[in-house]
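In case you want the letters, here they are:
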Amino acid sequence: MSDKSIETKKKLLLALYSKAQAAFLKKGFEESGFSVVTANDGIHAIQLASTVHPDCALVCTDLPVLDAYAFTRIIKNTDYLRDIAVVIGTTDDNENFRFWTDNCKSDAACPLSSAGTGQIIETVQDAIEKYKGLEKGGKKNLSSSVSFIKLMGNAYDKEMYGLYVTREAYKNESKRYDLKELVQSMIQTLRSILEFDAFSMILKGDRLVEIYSFSDRLANEELEDFRKIARADFEAKAEIFGASGWQKSELLEHKFTPVRKEKSKEKKIRSYEKFPLDGDAKDDIPYIAHVGLCKDLLSNRRTRERVGEFISIYAPLIQKTIEFNQIAEAEHRVEKAFSRFLPPSVIKGIIKDEKSFDEGAGEKRQVAILMADIRNFTAISEKNSPENVVDFLNMFFAKMGKIIKTHGGMIDKFMGDAIMALFGAPESYIYNGNRAANAALEMSLAAKQMDTSILNMGDKKFRIGIGINYGTPIVGALGSDDKKEYTVIGDDVNLASRVESLTKLYGSDILITESVKKDIDAVREAVKEKELPASEEDSLPHLIRHIDNVKVKGKTHAVRIYAMSTDMKKFSHSFLDNYRKGLNQYEIGNFKTAVEYFSLANEEYPNDMATQELLSRCKGFSENKPLNWDGAVALTRK
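Note that the structure is a prediction, hence the values are computed from the model and not measured. (Residues numbered from 1 in each chain as written. Predicted model: local features only at pLDDT ≥ 70, side-chain atom pairs only at ≥ 80, totals over all residues. Heavy atoms only, no water.)

Please provide a residue-by-residue account of the overall build of the protein chain, values included.
Of the regular secondary structure elements, the protein chain holds 21 helices and 21 strands. The contacts in the protein chain between residues at least 6 apart in sequence include a share of 70% that link residues at least 24 apart. (Helix = DSSP H or I, 4+ residues; strand = E, 2+ residues; numbered from the N terminus. Contact = heavy atoms within 4.5 Å.)

What follows is the structure, encoded as structure tokens:
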């Protein structure tokens, strides 16, 4: 065999306690083209690693004197040996073995008892491949006990340093989400290790973050020069948007007084070093750190390595903190954007669980549906400019949305000049019908107080009509993969729309179905029995009167509808009594008697459109009584 072929052979250090197993594996590796040297204890293995400098060391956990874990720590914490791949083998593959191999910086682990020779050789080859292309470290002679002790001391000193920095970095766990506190803790720890005069760390994620810590004895010119150098080095590493990028950066900066005493007040930076590091590839957040000293200490390789290791431990913490803050800010922006229309608890629930809408698809739930529509909007649009109409609508929707949200509702959608709101989805409260009713009362009052000065209203007053129904529609996210809408569907939704349209016929600002009235009555009873606080009934007084029984378009069964008003004194007692008696006679088919009562009510309040509608209907039915009368009329209009 030529010298050239020998030179290209991969060198393996085989350190096993079992001589039989060592001989068996040695033969297998040599047949695979490896040059193999063997050691029978840990100290011998370290000496061979220093003199032979193999490509890989396969070390068994039961190695005497120094076990495989101690051997690995020494190799990986020694500069000229760290390029040696280390594979730890064991005859007992258990969880403890995996834990210790992962934490002693070994390159791979292999169960010697269950793995075949081919699998072991493949593991070693993969470990060697990690160091392909790296310059090999030099060979050393560890013949004396002094040199060996020095090697071990340096290796464990380095490991203890790493453990100290890691402990300091992670012991204040509560600071990891507060970037400012975390940076202050980091700088304080670094100052306990190295008395620097200037420090910076620049990170780039969704935004640019600049961290600076300066000695108060540095001249302003020195501070500015250091900042320029730090930025220039970072610009060479990461793309930013020129000067404007730095102007938009988040700046965290503070000054400190050095512990050491100096004769002159102002100092200049004598030594400077940059520590470019990369975050996890998946995070794609490049960062770079810079350290400056007034003394020439950074020329020492050991000092540079220690600072580099310090940065490598803290950088992921800072990186994750920035990412956390970015997510928190994004959630805050979403919450703020939707806070006009959704209760805060609903928004937080959606942000916390992105599947919350999908999981509710197809669910039937008790929901109060509120429909609100601007009266005579077509005429208003024709008399005003599009800009003024849009400005007014935005103002109107914002005010109505705030009221709906206050009462625990959610705006489902805007439909031109109309609003559809839900009470009971996505988040349900007790007595959703009562909440919707109180929201409607407040909306009606607010609408009457709206500033319409930017509109030409003609001789019309600004009014809205509101219809509410309480039922069990289907609730969920409807739509395609690209766009989904959280909404409700079903007859109960259609009924709410029909009831809202009837406000024009009966001249009422708010109409509710019997299911809503029952929910309001339940609240009043609970307050009366002191099962609920009085505040639950709401401070707004409201008058509820039975208006009619109708079969709206699309319905075969009669629906009892009620008018609701904030004005308790809108009608006299005699009017309400005559209207109630007239409606009772109307329901049982005594239309002539009903005409008498409705006539008395009409004489007292001739402008009440509901009275006019029922009086006219009863007069017609007196002459031509409907067949199969069931107390309700079918309305074909929407």
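Now, about a nonpolar patch on the surface: what can you tell me, with residues and values included?
A surface patch of nonpolar side chains, amounting to about 220 Å² of accessible area, comprises Ile474, Leu478 and Ile489. Position of Ile489 among the secondary structure elements: in strand β17 (residues 484-489). (Patch = residues over 30% accessible without salt bridge, like charges linked within 9 Å, V, L, I, M, F, W, Y side chains within 5 Å. Areas by Shrake-Rupley, 256 points an atom, 1.4 Å probe, with all protein chains shown as cover. Salt bridge = Lys/Arg side-chain N within 4 Å of Asp/Glu carboxyl O.)

Before we move on, could you go through the packing of aromatic side chains and cite the residues and values that matter?
In the structure shown here, the tally under the stated rule is 20 aromatic pairs. Ring geometry for Phe392 and Phe462: centres 5.1 Å apart, planes at 80°, overall edge-to-face. In this pair, Phe392 is assigned in helix α15 (residues 386-406) and Phe462 in the loop between α16 (432-448) and β15 (464-471), connecting sequence segments 70 residues apart. Overall, Phe392 belongs to the buried group, its relative accessible area being 3%. Residue Phe462 is classed as buried on the basis of its relative accessible area, which comes to 9%. Both rings, one in Phe396 and one in Phe397, keep their centres 5.6 Å apart while their planes meet at 50°; by these two values the pair is tilted. (Phe/Tyr/Trp six-rings, centres within 6.5 Å; stacked < 30°, edge-to-face > 60°. Buried < 20%, exposed > 50% of the residue type's maximum accessible area, 1.4 Å probe, protein only.)

Could you give an account of the sheet that holds strand β20 (residues 559-565), with specific residues and numbers?
If you walk across this open sheet you meet the 8 strands as β13-β14-β12-β15-β18-β20-β19-β21, and the pairing is mixed. A single partner strand is all that each edge strand has here, and the edge strands are β13 (410-415) and β21 (633-634). Both strand β19 (residues 543-551) and β21 contribute to a ladder of 2 bridges, which runs parallel. Bridge pairing links Lys551 to Ala634 in β21. Along the sheet, α16 contacts β12 (367-374), β14 (418-423), β15, β18 (510-513) and β20; its crossing angle with β15, the most-contacted strand, is approximately 175°. (Pairing = 2+ DSSP bridges. Axes fitted to C-alpha atoms, helices over the stretch in contact; angles between N-to-C directions.)

Any details on the sheet that holds strand β4 (residues 85-90)? Residues and values, ideally.
Overall, parallel pairing links the 5 strands, which are arranged β2-β1-β3-β4-β5 in an open sheet. Where the open sheet ends on each side, the last strands, each with one partner, are β2 (34-39) and β5 (108-111). Ignoring strand direction, the axes of neighbouring strands in this sheet form an average angle of 20°. Examined bridge by bridge, strand β3 (residues 56-60) and β4 share 5 bridges and lie parallel to one another. Across the sheet, the residue bridging to Leu58 is Val87, located in β4.

Residues and numbers for the pattern of salt bridges, please.
For the structure shown, the criterion picks out 21 salt bridges. One connected set of salt bridges, linked through shared partners, spans Glu224, Arg227 and Glu253.

Remember, this is a structural readout, not a statement about activity or role.
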